[in-house]
Amino acid sequence: MTISALQQARAQYQPKLPKSLKGAVKIVEGAATESVADQAEIKELFPNTYGMPLLTFEATDAATSVDPVNVGVILSGGQAPGGHNVISGIFDGIKKLNADSKLYGFLGGPGGLVDHKYMEITADYLEGYRNTGGFDIIGSGRTKLEEEAQFDKGLEILKALNIKALVIIGGDDSNTNACVLAEYYAAKNAGVQVVGCPKTIDGDLKNEMIETSFGFDTAVKVYSELIGNIQRDANSAKKYWHFIKLMGRSASHIGLEAGLQTQPNITLISEEVAEKKQTLGEIVDYMAGIIAKRAANGENFGVALIPEGLVEFVPEMKALIAELNDLLAEGSESEAKFKSYTDKAEGRAFVSSILSADSSKLYNSLPSLIADQLTLDRDPHGNVQVSLIETEKLLGEMVKTRLAELKAEGKYVGKFGTQFHFFGYEGRCAAPSNFDADYCYSLGYTASVLIGSGKTGYMSSVRNTTAPADEWIAGGVPVTMMMNMEKRHGHMKPVIQKALVELDGAPFKYLAANREKWAVETSYLYPGPIQYWGPSEVCDRTTVTLQLEQTK
Ligand code: FBP
């Protein structure tokens, strides 16, 4: 296989480890833990894995010998830069425990465990993947491990391969399921430990013990590079407003961090919209107001960042989406009727006629492109695919209309030309930044230590991440500690609490304190591409979010 010059040079990079993981490791047990909420229910559901202590690793001289251990690994959900380094860390860690240990990868995500699709990850095979982006080493998938039948099917292959521990690399849902699996195998005395690693570019798997999910750092740096380039183009040509939608599902961590790294004119944060119960009209007024102010200064250009999940946080849109999900549910009469229309406009008129008065008014006010996306692009369960809605175009259209009104009132003097962008997939498989390369390798290595000491139901935790890697604190956190009860598909379920942007947190406050200035003045920052070699303040810098959160 031909590889790029960067890949060749990057293959030589030796990820940094915390001091505690460089030699023999001593495990220090902390106090017993409790779940973040609903303690009684979670305790009852997880009798074998609830209340376990926090674990911290320390360096020791007393090396212990461990029998060879066979380990399985699964990549779950969307790609995030650094997954290959988690696997490298697990591999090197279990080989250090005992050179005869083996690592098996289940192919194509959790489904590989159930369908018994796997491969042994050998040293030679792994070599080509160290420090690279992507999940192509074994592939990923979105099958959810939720049913006991799946757990039993998985156990068959784990037994056949003599696998004693399974590492699930995933987001909040996948780690919730990892914990359910850990509990199930523990209750059955199956002899299989389950350990999780926190992954997702969305940055919404974080809490007191998990400072950040891996991949967030690299993905946002890629988006910020692109946003910076666009800002420089906008400031050079001075003729376009760029509306940029950013991936990140519900939470706006990506949008917030990209906003802090680049200082654009507008950074919308979904959590703020929900908190203030803002309508679409109010969001549009806010944006049009900034555009008009800049136009008054002769600046008919700018950049606006729009989080992917925004529409779900606008109360009236949320209500409309919920109604559409109900009314056009798969197999319903109204769905069949709607599908019978070949003319899109007639289809929209039908939908409008079955909606409540408020939702119908809103639906009719939407550009037809967006109305169609709300009704035509539905997932296999018939639900609106929120991430496919072109929110940037919706806002672009609505802002244009509002500006025309302002112009008629003599309150806007400019010209409004737009360019639309969506950044998401281009960041998910980038070669991991030094931070992600080191963090992921450390997370994987930590998982191997948890495995070597017989732990199950834990997630790898690496903290103090704004300090040099040497000073990072590695250990394990019981997954039950992060759980609470939430309604899912009509039933109360134990789940890891999703972390949304906190409006009283330092990163949002920093944005709020500066955004009026950034809105009107052109205060753009141009972060440039990720650097792998060079001055440490450029190559090893963490996200602004982490820096602000950790500067107390
Ligand atoms: P995970 O939560 O699985 O890490 O996925 C993150 C994500 O990139 C979201 O930001 C985005 O909404 C979604 O995946 C897109 O999913 P898909 O890859 O299936 O299009």
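Keep in mind it's a predicted model, so treat the numbers as computed, not measured. Residue positions are given per chain, counted from 1 along the sequence in the order it is written. Restriction of local features to residues with pLDDT of at least 70 applies here, the model being predicted, together with a cutoff of 80 or more for giving and counting side-chain atom pairs; totals for whole chains, interfaces and linings are based on all residues. In computing side-chain values, all of the structure's heavy atoms are included and hydrogens and water are not.

### Digging into the domain arrangement of the chain
Accessible area lost during the coming together of the parts is what is often quoted as the interface size. For clarity, the threshold we go by: Reported domain spans reflect what an automatic or database domain assignment gives.
Here the chain is partitioned into domain 1 (20-215 + 432-496), domain 2 (238-303 + 390-429 + 502-524 + 537-551) and domain 3 (309-388). Computed over C-alpha atoms only, the centres of domain 1 and domain 3 are separated by 39 Å.

### Quick notes on the sheet that holds strand 8 (residues 241-246)
The cut-off we apply is this: Two strands make a pair as long as DSSP finds a minimum of two bridges between them. Only DSSP runs of H or I with at least four residues qualify as helices, and only runs of E with at least two residues qualify as strands; both kinds are numbered from the N terminus onward. The criterion used for residue contact is that any of the two residues' heavy atoms lie within 4.5 Å. Fitting a line to C-alpha atoms yields each axis, with helices limited to the stretch in contact; the angle taken between N-to-C directions then spans 0 to 180 degrees.
Read across the open sheet, the 4 strands follow the order 9-10-8-11; overall the sheet is parallel. Strands with a single pairing partner mark the edges of an open sheet, and in this sheet they are strand 9 (266-267) and strand 11 (418-423). Against the sheet, helix 8 (residues 216-237) makes contact with strand 8, strand 10 (302-307) and strand 11, and its axis sits at roughly 170° relative to strand 8, the strand it touches most.

### Looking at the pairing of strand 12 (residues 458-463)
Here is the rule: Buried residues are those whose accessible area, probed at 1.4 Å on protein chains only, stays under 20% of the maximum for their type, while exposed residues exceed 50% and partly exposed ones sit between those limits.
Buried residues dominate strand 12, accounting for 5 of its 6 residues. Where strand 7 (residues 193-198) and strand 12 come together, 2 bridges link them in parallel fashion. For glycine 196, the partnering residue across the bridge sits in strand 12 and is methionine 459. Pairing between strand 12 and strand 13 (residues 473-478): 6 bridges, direction antiparallel. Directly across from valine 462, in strand 13, lies its bridge partner alanine 474.

### Details of unusual backbone geometry
In this structure, lysine 238 takes a positive phi of about 55° despite not being glycine. Tracing the backbone through its elements, the reader meets lysine 238 in the loop between helix 8 and strand 8. A residue is classified by how much of its surface remains accessible, and lysine 238, at 44% relative accessible area, is partly exposed. Backbone geometry at arginine 249 places phi at a positive 55°, although glycine is not the residue there. Checked against the element boundaries, arginine 249 lands in the loop between strand 8 and helix 9 (253-262). With a relative accessible area of 43%, arginine 249 lands in the partly exposed category.

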